[in-house]
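This is what each chain is made of:
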Amino acid sequence: MRVLVVEDARALAEVVAEGLRDQGMAVDIAHDGLTAAAKLGLSPYDVVVLDRDLPGIHGDTLCQMITERDHRAMVLMLTAAGTPGDRVSGLTLGADDYLAKPFHFPELILRIRALARRRPTARSRTLRAADLELDPVRRAALRGGRPLELSVKEFAVLEALLRAVPGFLSAEDLLEQVWDENADPFTNTVTVTIGRLRRKLGGPPVITTTPGVGYRITEAPAS
C-alpha cells in the first residue's frame, strides 16, 4: 500500500510516516499543498492522509482536486479542527474519513487500512493464490496452513504480488508500491527481498521470474 502524508508540521509528518512504514506501507511526505499536488501527479497512492490547513494549496482545495481524479486515492483528513461542523464540512468536500488531532496511532492505522479496502479496485480482505493466504489487516500470512514469519518488507512484497495475480510486477513496480520515492531505482533491494521471501516460503517454488517482465505468483505451485 502506498500512502501520501500531507502535513506542514514536519515533526508530526515524520512520526506518522515512520509509524506507517513500520506497518509495511510505502510512505511519501509533502509539507505543503503545491508539493502534494505534484507528487499526486507523479505516483499512484492508495490513501492520502491530508492536513486541512496547508500552505500553498489549502487542504480543502487539494481534497477536491483528489476527488475529481480518475482512479483517485482515498482521503483521510487529519486535522486539529475536530468539531462536528468541521467533520461534516470535510466530508462534504469529498474526504472519505476524518480524524481529529490529537489521535491514537493504532486508530489511524486501522482507518487507513479500512480506506484502502474501500477503494473500487480493492480486493477482499484475505488474499489467496496457490496455497498462500495473506490477511493485510491481521498481518498474517500462511502457506499450506503454516504461518510464515516475514519481515515488514517481505510481507509487503508478498501482498503486492498476491494483489497482482495473475499478472506480473516488475522490480520497478515493486519499488513503487512497497518502498517510497527515496528508493534507489538502481538498487538490488528487490532482488534481495524476493530471494529472502522465496527461502521463507519454501518449496515447491511459487514465485516465478520472467526476465525482462518481472515476478508473479503462480496459481498452482511449480513442481
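No experiment lies behind these values; they were computed from the predicted model shown.

1. Thoughts on the pairing of strand β1 (residues 2-6)
In step 1: For β1, the buried fraction is high: five of the five residues fall into the buried class.
In step 2: With burial as the criterion, each face of β1 is covered, one bearing Arg-2, Leu-4 and Val-6 and the other bearing Val-3 and Val-5.
In step 3: Relative to strand β2 (residues 26-30), β1 is paired through five bridges, and the arrangement is parallel. Counted as the bridge partner of Leu-4 is Asp-28 from β2.

2. Points about empty space enclosed by the protein
In step 1: Evaluated as defined, the whole model comprises two cavities of 30 Å³ or more.
In step 2: Taken together, Val-5, Val-6, Glu-7, Leu-12, Ala-13, Val-16, Val-49, Leu-50, Asp-51 and Leu-78 make up the lining of the largest cavity.
In step 3: At the level of secondary structure, the elements contributing two or more residues to the lining of the largest cavity comprise β1, α1 (10-22) and β3 (47-50).
In step 4: Ranked by the residues each element gives to the lining of the largest cavity, the list is headed by α1, at three residues.
In step 5: Among the residues making up the lining of the largest cavity, the classes are represented as eight nonpolar, no polar and two charged.

3. Focus: helix α2 (residues 33-42)
Residues separated by three or four positions in an α-helix point in the same direction, a consequence of the helix having 3.6 residues per turn.
In step 1: Restricting attention to buried positions, one finds in α2 the residues Gly-33, Ala-36, Lys-39 and Leu-40. All buried residues of α2 fall inside an arc of 120° around its axis, so they share one side. Those residues of α2 that are exposed and aimed more than 90 degrees away from the buried face are Leu-34, Gly-41 and Leu-42.
In step 2: Along its buried surface, α2 packs onto β1, β2, β3 and α3 (59-67).
In step 3: One side-chain oxygen at the N-terminal end of α2 lies 3.1 Å from the backbone nitrogen of Leu-34; it belongs to Asp-32.

The rules behind each value
- Residues numbered from 1 in each chain as written.
- Predicted model: local features only at pLDDT ≥ 70, side-chain atom pairs only at ≥ 80, totals over all residues.
- Heavy atoms only, no water.
- Buried < 20%, exposed > 50% of the residue type's maximum accessible area, 1.4 Å probe, protein only.
- Helix = DSSP H or I, 4+ residues; strand = E, 2+ residues; numbered from the N terminus.
- Pairing = 2+ DSSP bridges.
- 1 Å grid on protein atoms, 1.4 Å probe; cavity = no way out; pocket = protein on both sides within 12 Å on 5 of 7 lines; lining within 4 Å.
- Points joined across faces, edges and corners; volume = space filled by probe spheres on them.
- Nonpolar A, V, L, I, M, F, W, Y, C, P; charged D, E, K, R; others polar.
- Arc of directions from axis to C-beta.
- Contact = heavy atoms within 4.5 Å.
- Polar contact = N/O pair within 3.5 Å; in protein donor to acceptor, adjacent residues only side chain to side chain.

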